[in-house]
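# Topology and contacts: notes
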Amino acid sequence: MHPDHATPAGGAWPRPSENYVPHAHGPDEPPHTHPDPGVDPHQALAAGPRALRVGIGGPVGSGKTALVAALCRALGEELRLAVVTNDIYTTEDADFLLRNGVLPAERIRAVETGCCPHTAIRDDISANLDAVEDLEATLGPLDLVLVESGGDNLTATFSKGLIDRQIFVVDVAGGDKVPRKGGPGVTAADLLVINKTDLAPLVGADLAVMDRDAKERRGELPTVFLSLVEDRAATPVAEWIRILVGVRGPAG
Amino acid sequence: MSLATLLVLADGRLPAGGHAHSGGLEAQVSAGRVRDLDDVAAFLRGKLATSGLVAAAFAAAACRRPGRWAELDGGLDARTPSPALRKASRAQGRALLRAGRAMWALPPIGREPHQPTALGVLAHAAGLGPEEAAVAAAHGTTTGAASAAVRLLALDPYAVHALLARLAPACDRIAGEAARHADDAVNDLPAAGAPLLDIGAEHHATWEVRLFAS
Amino acid sequence: MRAVARIVAEADGRGGTRLAVLRGESPLLPRRTGGSSGAGVTVHLVGGAAGPLRGDDLRVEVTVGAGAHLTVRSVAAQLALPGRAGLPPSRLVVHAEVAGELRWLPEPLIAAAGCDHHARTHVEVAEGGTLLWREDLVCGRHAEPTGTVSLSTTIRYAGATLYRHELAVAPDTGSPAVLGRYRALGTLVAAPALPATVLPATFRTTSSAAIMPLAGQGFLATAVGEDIREVRAALDPMCGAAEGAPGGAPQARDGFLAVGDGSHRVHAPAKPFAEREIAT
Ligand SMILES: Nc1nc2c(ncn2[C@@H]2O[C@H](COP(=O)(O)OP(=O)(O)OP(=O)(O)O)[C@@H](O)[C@H]2O)c(=O)[nH]1
Ligand SMILES: [Mg+2]
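Residues numbered from 1 in each chain as written. Chains lettered and ligands numbered in written order. Predicted model: local features only at pLDDT ≥ 70, side-chain atom pairs only at ≥ 80, totals over all residues. Heavy atoms only, no water.

Secondary structure summary: chain B contains nine helices and zero strands in total. For chain B, the succession of helices and strands along the chain, N to C, is α-α-α-α-α-α-α-α-α. Taking 17 Å as the expected radius of gyration for a compact globule of 214 residues, we find that chain B reaches 16 Å, a close match to that expectation. Each of the three principal axes of chain B carries a C-alpha extent, and together these read 45 × 35 × 30 Å. When the 214 residues of chain B are sorted by exposure, 60% land in the buried category. Across chain B, contacts joining residues at least 24 apart in sequence account for 76% of those joining residues at least 6 apart. Approximately 7800 Å² of chain B is accessible, and the part contributed by carbon and sulfur atoms is 56%. Each charge sign in chain B was given a centre, from 21 positive and 20 negative side chains, and these centres are 4 Å apart. (Helix = DSSP H or I, 4+ residues; strand = E, 2+ residues; numbered from the N terminus. Rg over C-alpha atoms; globule rule 2.2 N^0.38 Å. Buried < 20%, exposed > 50% of the residue type's maximum accessible area, 1.4 Å probe, protein only. Contact = heavy atoms within 4.5 Å. Areas by Shrake-Rupley, 256 points an atom, 1.4 Å probe, with all protein chains shown as cover. Lys, Arg positive; Asp, Glu negative; His and termini not counted. Charge placed at Lys NZ, Arg CZ, Asp CG, Glu CD.)

A word on the side chain of C:Ser90. Residue and element names in this part refer to chain C. Looking at the element boundaries, Ser90 is found in strand 8 (residues 90-98). At 2.7 Å, the side chain of Ser90 forms a polar contact with the side chain of His117. Among residues more than four places away in sequence, those in contact with Ser90 are Pro52, Leu53, Arg54, Gly55, Asp56, Asp116, His117 and His118. (Polar contact = N/O pair within 3.5 Å; in protein donor to acceptor, adjacent residues only side chain to side chain.)

Moving on to the interface of chain C and chain B. Counting from both sides, the interface comprises 32 residues of chain C and, opposite them, 32 residues of chain B. Here chain C packs against chain B, burying approximately 2400 Å² in sum over the two surfaces, 63% of which is carbon and sulfur. Area buried by chain C at its contact with chain B is led by C:Arg164, C:Pro176 and C:Ala177, which between them contribute 27% of it. Summed over the shared surface of chain C and chain B, the number is zero salt bridges. Where the side of chain C that touches chain B is concerned, the elements lending two or more residues are strand 14 (160-169), strand 16 (209-213) and strand 17 (219-225) of chain C. Considering every element that reaches the side of chain C that touches chain B, the biggest residue donor is strand 14 of chain C, with seven residues. Across the side of chain C that touches chain B, the residue classes break down as 19 nonpolar, ten polar and three charged. (Buried area = accessible area lost by both parts, 1.4 Å probe. Salt bridge = Lys/Arg side-chain N within 4 Å of Asp/Glu carboxyl O. Nonpolar A, V, L, I, M, F, W, Y, C, P; charged D, E, K, R; others polar.)

Hydrogen bonds between backbone atoms are what pair the strands of a sheet, whose relative direction is either parallel or antiparallel. All names here are of chain A. Strands sit in the order 3-2-4-1-5-6-7 across an open sheet of seven strands; the sheet is parallel. At either end of the open sheet lies a strand with only one pairing partner, and these are strand 3 (108-112) and strand 7 (223-225). Neighbour-to-neighbour, the strand axes of the sheet open up by a mean angle of 20 degrees, direction not taken into account. In terms of strand pairing, strand 5 (residues 165-171) meets strand 6 (residues 191-195) through five bridges, oriented parallel. From the neighbouring strand, Val170 faces strand 6, where its bridge partner is Ile194. Those strands touched by helix 9 (residues 207-218) are strand 5, strand 6 and strand 7, and its axis lies near 165 degrees from that of strand 7. (Pairing = 2+ DSSP bridges. Axes fitted to C-alpha atoms, helices over the stretch in contact; angles between N-to-C directions.)

This part is about the packing of aromatic side chains. Residue and element names in this part refer to chain C. Evaluated as defined, the whole model comprises one aromatic pair over all chains. When the centroid spacing of 4.7 Å and the interplanar angle of 5 degrees are considered together, the rings of Trp104 and Trp133 count as stacked. Separated by 29 residues along the polypeptide, Trp104 in strand 9 (residues 101-104) and Trp133 in strand 12 (residues 130-139) bring together distant segments of the chain. For the pair shown, Trp104 and Trp133 are each scored as buried. (Phe/Tyr/Trp six-rings, centres within 6.5 Å; stacked < 30°, edge-to-face > 60°.)

Attention now goes to the nonpolar core. Among the nonpolar cores identified, the biggest contains 75 residues, and B:Leu44, C:Val62, C:Leu70, C:Leu102, C:Leu131, C:Trp133 and C:Leu137 are the most heavily contacted of them. Setting aside its immediate chain neighbours within four residues, C:Trp133 contacts C:Val94, C:Ala96, C:Leu102, C:Trp104, C:Thr121, C:Val123, C:Ile155, C:Thr187, C:Leu188 and C:Val189. In this structure, B:Leu122, B:Leu128, B:Ala138 and B:Ile174 belong to the second largest nonpolar core, which totals 45 residues. (Core = buried A, V, L, I, M, F, W, Y, C linked by side-chain atoms within 4.5 Å.)

Further remarks concern the side chain of A:Asn128. Residue and element names in this part refer to chain A. Relative to the assigned elements, Asn128 resides in helix 5 (residues 126-139). Using a relative accessible area of 0% as the deciding quantity, one classes Asn128 as buried. Apart from residues lying up to four places away in sequence, Asn128 is in contact with Val84, Asn86, Val111, Ala120, Ile121, Val147 and Leu162.

Here we take up the coordination of the magnesium ion (ligand 2). Residues and elements named next belong to chain A. Surrounding the magnesium ion (ligand 2) are the protein donor atoms Thr65 (OG1), Asp93 (OD), Asp93 (OD) and Glu148 (OE), at 2.0 to 2.6 Å. Given six donor atoms and angles of 50 to 171 degrees at the metal, the environment of the magnesium ion (ligand 2) is assigned as irregular. One chain supplies every donor for the magnesium ion (ligand 2), spaced along it as T-x27-D-x54-E. You can see Thr65 sitting in helix 2 (residues 64-75) and its partner Asp93 sitting in helix 3 (residues 92-99), a full 28 residues away along the chain. Taken as a pair, Thr65 and Asp93 share a single burial class, namely buried. (Donors = N, O, S within 2.8 Å, 3.2 Å for Na, K, Ca; no water. Tetrahedral: all angles 85-135°; square planar, octahedral: opposite > 155°, others 65-115°.)

With that settled, the discussion passes to the site of ligand 1. Residue and element names in this part refer to chain A. Near ligand 1, the surroundings consist of 18 residues, among which Lys64, Thr65, Ala66, Asp198 and Leu228 are the closest. Measuring from an oxygen atom of ligand 1, one finds a backbone N or O atom of Gly151 at 3.3 Å. Here ligand 1, which alone exposes 650 Å², has 68% of that area covered by the protein. No other element matches helix 2, which puts three residues into the shell around ligand 1. Considered class by class, the residues forming the shell around ligand 1 number six nonpolar, seven polar and five charged. (Near = heavy atom within 4 Å.)

Residue-level contacts link 25 residues of chain A with 26 residues of chain B. For the pair chain A and chain B, the summed buried surface comes to about 2100 Å²; carbon and sulfur atoms form 50% of the total. Here chain A and chain B share eight salt bridges between them. We note a salt bridge from A:Asp130 to B:Arg94, for which the minimum N-O separation is 3.1 Å. Counting across the chain A and chain B interface gives twelve residue pairs in polar contact (both at pLDDT 80 or more). For the side of chain A that touches chain B, the secondary-structure elements that each account for two or more residues are helix 1 (43-46), helix 4 (117-123) and helix 5 of chain A. By residue number, the principal contributor to the side of chain A that touches chain B is helix 5 of chain A, which donates five residues.

The share of residues in chain B with pLDDT of 70 or more is 100%, and the mean pLDDT across the chain is 96. Among the prediction metrics, the complex's ipTM stands at 0.96, with pTM recorded as 0.84. (pLDDT = per-residue confidence, 0-100.)

Moving on to the UniProt feature "binding site: GTP" (unreviewed entry) in chain A. All names here are of chain A. UniProt marks Gly58, Pro59, Val60, Gly61, Ser62, Gly63, Lys64 and Thr65 with the feature "binding site: GTP" (unreviewed entry), using the numbering shown here. Structurally, Val60 can be placed in the loop between strand 1 (52-57) and helix 2. Structurally, the position occupied by Ser62 is in the loop between strand 1 and helix 2. Not counting residues within four places of it along the chain, the set of residues in contact with Ser62 comprises Val169, Val170, Asp171, Asn195 and Lys196. (UniProt positions renumbered as here; feature names shortened; annotations may be inferred.)

A separate point is helix 3 of chain A. All names here are of chain A. Among the residues of helix 3, those classed as buried are Asp93, Ala94 and Leu97. Buried residues of helix 3 fall within an arc of 100 degrees about the axis and therefore sit on the same side. Seen from the open side of helix 3, the exposed residues pointing more than 90 degrees away from its buried face are Glu92 and Arg99. Lining the buried residues of helix 3 we find helix 2, strand 2 (81-87), strand 3 and strand 4 (144-148). Positive phi appears at Gly101, one or two residues downstream of helix 3, with a value of about 60 degrees. (Arc of directions from axis to C-beta.)

As structure tokens, then:
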């Protein structure tokens, strides 16, 4: 959970170096060196205000790529935007975005994950950080980078070292039990999107039950219901991101 | 020298990008040349004796004299004819530097050096010596491909680890040989090539659907 | 047996190439072949005997001056044989200095069972020079295990090492990372670029052949095969078919030339290794 979680309007975002705790050396410690305590190990990224990075995770087929496409449509004109995809085995998600022309090719990077999308977004985020760094190097300052995870399970969440905020996308077709089941994605994501509400009658999913369970699991954290076939601009999600970017101010 | 520090550097969980690479195994699995545990064993032995030896020697040399990193990087370029393998090596070198910078104060080194060069420089910064850098490199060439083998061929993970244990003496031997070259001129460092790794990497890079980055 | 061959090609000042030095001793005998087609000359190495054998120490020195064009071929495969036990491994050192154009397109090296052969190649190409360097290896004759071979190749261009490669082949060391079950390997290094006429638009990278742009100015094409025919099919089109495939000289078809004293040789084949015999 973000330290500033309760106050998303906080403006300045804490950097790892601010959490640096000076420490004493024990007698049995071998001689060693420390990184400069004032230097963030991710210095290349954190120098000056940088793009807001939003992770988009969730189970396979819940609509993550469709949401990214919708956000590109909604925000592409007003924000300097780029996307990193993490596919299980292909560049399928990146190709989908390209085919649909929501973003020019140079604004999309596909990261290969070696069968393990959750590793690439949580345990070893290096390839994603490199992709973001490369996008910023080639495109100049950005306002927003969307990082889509490959479809994974309910426990797959993004590392805070990679993203600033995360959205977890589930769909009603998976059954109205999903919010009740919880898991880190559902309980801790900064925004929970329950997608494909248009299908609810077809699969007999009760949206009221999902709403109630989500509130129970998530407390104050927001949840939105969405049908990307009906709302092709993902209006509530785009609005949520607009506010975050606005609070943050323009990137250098 | 701290043994625990060596374990930190050689740990497969070090967030240095390795999980996305199969060390050339995916291409050979797909070509039907690696199907079972015995094939994986032969693959790993061959890889260890070729690119493993080269990686270990360059890691040892970079550890001995980190200031030589650019020259060593050029030597690895000349030993890595496959652009796909150069790219994979540099991507992993860059990822390793990112992890290394968080752990130790690194001397100057380029933005995207080859993985063995980066490993040697990290080992130096961590207070380790060329032997340790070499053994971490040799070990790394086997473990990455071995864990990919578990995923690609659904092999019994215990059997694969038993294989890694059997390979440990070979790793030590290769690392020892590599470390003896730590002071050699770059042209005299080992250059054992592996034609199927080169060809496989190039072929792999043309696929539309693949599980691993290399 | 020790032998040195020396070839020096220079521009003749009239747009052609002349051979300032063409010298050798058995079993390394360079012979000028064919007329001077265009600006270049072709030299064939005619093996004076089967070999190399254990104990042999052979050296080829090639110099191609600026503006000169030289093609070097061999009339028959080099067949590395065991020779007398207890002798050191056979050695072949090739050293080339190239300011003009060198096309080194010999027949394959065949590592007969029981051989122990070391080949070392060092090529210095000056800036502006052009190189096409082919090396083919066949691991064992027909239906026999391979002998032991170690190859070490250094190719430098404009003062920087472009390609540095070693390959060790020994019985029972087949690894699917190195050669797997393949018995034939071919490599072709081109510097600074593949000849424009040569890069076949049709070439497709497969799981057994690839063309690789090197980090420096040059290319490597590598092919593996069950037999040398598969390697030739992949690489020959890149070696200038216009001038005839490797081994295309008439002599190559008629057996080893009886040159020098090959009498102490064992297993000297009556005819060169036909591709059929090498196959599978
Ligand atoms: N009916 C309906 N279908 C949707 C909706 N959103 C997405 N889809 C469809 O659901 C399928 C999967 O959507 P994607 O956006 O590819 O899902 P994803 O989460 O990116 O999938 P992975 O990346 O494979 O995990 C596609 O066929 C979409 O068209 C929705 O709101 N309603
Ligand atoms: Mg997707």
